[in-house]
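# Working through the structure, step by step
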Amino acid sequence: MLQRGLKGVIAAETAIANVDGEKGKLIYRGYEISEITSKYNFEETAYLLWYGKLPTAEQASKLKEQLIHNRKLSDYQMEVLKLLPKDMNMMSVLRTIISAEGNQSYQWPPTIDEAIRLTSITPLIIAFRKRLMENLDIVQPNKHLNHVANYLYMLTGKKPAEAHVNALETYMILTMEHGMNASTFAARVTASTESEIISAITSAIGTMKGPLHGGAPAEVIHLLDEIKADGNTQRVLKEKITRGEKLMGFGHRIYKTVDPRSVALKEKLIAFAGSDEWLDLSIEVEEIGIQLLEELKPGRSLYTNVEFYAAAIMKAIEMDKQLFTPTFTASRMVGWTAHVLEQAENNVIFRPQSAYIGQYNMNI
C-alpha cells in the first residue's frame, strides 16, 4: 500500500521516546517531559537518553567532565572552519565540520563516547563560526560552565544571565528528542548500512537544514515584534484572526491538544517572570491568543507550540535568527546519536519499495 512520505508507517521500534499527539504527551525513557525539565539538567537528560536510565551524582559528574574534555576542535577542523566561504550558512558549516570529524577512529558499531564527542563540539562550531564571521576573537570554552551556559558564553564572551541559561537549557532539553522525525529517520537509515556515526549525523544535519523540518521560529519573532511595537496585544491578535491570518506559534501537526513541550517551557519561564520583557510578553500573548481563538475559532483547539516560547527565548538572549536552527541542532544531537546507538543494537537495513508509475514501451 502506498503511503506518501511514509506517514503513519511504523519503521522501527524504540525505547528512547514516545510522542503521543492525541494525549499531548512526550515521554523520554518512561519519564514525562515536564518531570524531566523540572528536575534535571541538560547533562542528566542526555545521560538518560544515551544510557536508558537517570545518572547517579557520580555518573552525572563524569559525563559533565567528558563533555568539557571534548570541547576542542582539531587543528584541521579549525583550518577548514576559517577557510569556508563567508556566505555559507551555519547549517552547511555544521555539516561540513562534523563531516571533517570523521577519521579511522570512528568505526561500526557506534559508541556513547562518540555521541558525547559530537554533542560537545557542536556548540563550539556554531560559536566559533559566528565570532569569525563578525571579525571577533574566538571565545574559548569555560571549563567551569555547564554545556548550555558555556554555549551562551562562547557566543558573547560574557557570563550569561541565570534566567537566560535556565530558559535556553529547558528549550534544549525539550528539543533533544522527538520520535521518528525526518532527520532522525535519515540518521537511522544511514546507520542501518553500518556506516559510522559521522555519516549518520551528517545525514541528519542535511535533513534538518531543510525549511520544512528545521525551520526556525522566525515568524513568531515577527509577531512578537509587531505586538511590542503596537503596544496592544488584544487588538493585533484580534485583527489577525479576523482577517483569517494564521497566528504563528499556535497549533502543531502532531499534537491534537496542548504541546507538552510548550507547557513545560512556560512553567519554567514563569519562574523568571519579570526578569525579561520578551518572556513576559510571550506569556501575555499566549493567554490572550488562546482566549481569542476560542471565541473566534470555536472547536479548533489551537494552543501554542514549542516554537512559540522558543522565539521568546531567542529574543530574550538576543540570538541571531541564523542561529535558531543550529541551536536546535545542538540539542537534537543527543537524540540523533541515541537513535544511531539504538539502531546498532538490532540492526536491519532500511529498504522500502517504490511504486512504478512510468510508461511501458511494448515495442522494445
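Attention here is on the structure that accompanies the text. Please read these numbers as outputs of a predicted model, since none were measured by experiment.

Moving on: the overall build of the chain. When helices and strands are counted, the chain shows 17 helices and three strands. Taken over C-alpha atoms, the radius of gyration comes to 21 Å for the chain, in line with the 21 Å a tight globule of 364 residues would show. With the C-alpha coordinates of the chain rotated into their principal frame, the extents come out at 65 × 60 × 45 Å. Each of the 364 residues in the chain was classed as buried or not, and the buried ones make up 49%. Taking the contacts inside the chain whose residues are at least 6 apart along the sequence as the reference set, 75% of them involve residues at least 24 apart. For the chain, the exposed area adds up to about 18200 Å²; of that, 49% sits on carbon and sulfur atoms. Of the side chains in the chain, 40 bear a positive and 43 a negative charge, and the two mean positions are spaced by 3 Å.

Before going further, it helps to spend a moment on the sheet that holds strand S1 (residues 17-20). Sheet strands associate in pairs through backbone hydrogen bonding, adopting either a parallel or an antiparallel arrangement. Read across the open sheet, the three strands follow the order S1-S2-S3; overall the sheet is antiparallel. Two strands in the sheet have a free side with no partner beyond their single neighbour: S1 and strand S3 (31-32). Summarising the sheet, S1 and strand S2 (residues 25-28) pair through four bridges and their orientation is antiparallel. Of the residues in S2, the one forming a bridge with Asp20 is Lys25.

Further remarks concern a nonpolar patch on the surface. Taken together, the side chains of Tyr356, Tyr360 and Met362 define a hydrophobic patch exposed on the protein surface, amounting to about 480 Å² of accessible area. Note on placement: Met362 falls in the segment after helix H17 (324-345). For Met362, a relative accessible area of 72% corresponds to the exposed category.

The rules we used
Residues numbered from 1 in each chain as written. Predicted model: local features only at pLDDT ≥ 70, side-chain atom pairs only at ≥ 80, totals over all residues. Heavy atoms only, no water. Helix = DSSP H or I, 4+ residues; strand = E, 2+ residues; numbered from the N terminus. Rg over C-alpha atoms; globule rule 2.2 N^0.38 Å. Buried < 20%, exposed > 50% of the residue type's maximum accessible area, 1.4 Å probe, protein only. Contact = heavy atoms within 4.5 Å. Areas by Shrake-Rupley, 256 points an atom, 1.4 Å probe, with all protein chains shown as cover. Lys, Arg positive; Asp, Glu negative; His and termini not counted. Charge placed at Lys NZ, Arg CZ, Asp CG, Glu CD. Pairing = 2+ DSSP bridges. Patch = residues over 30% accessible without salt bridge, like charges linked within 9 Å, V, L, I, M, F, W, Y side chains within 5 Å. Salt bridge = Lys/Arg side-chain N within 4 Å of Asp/Glu carboxyl O.

Nothing here speaks to function; it is geometry throughout.
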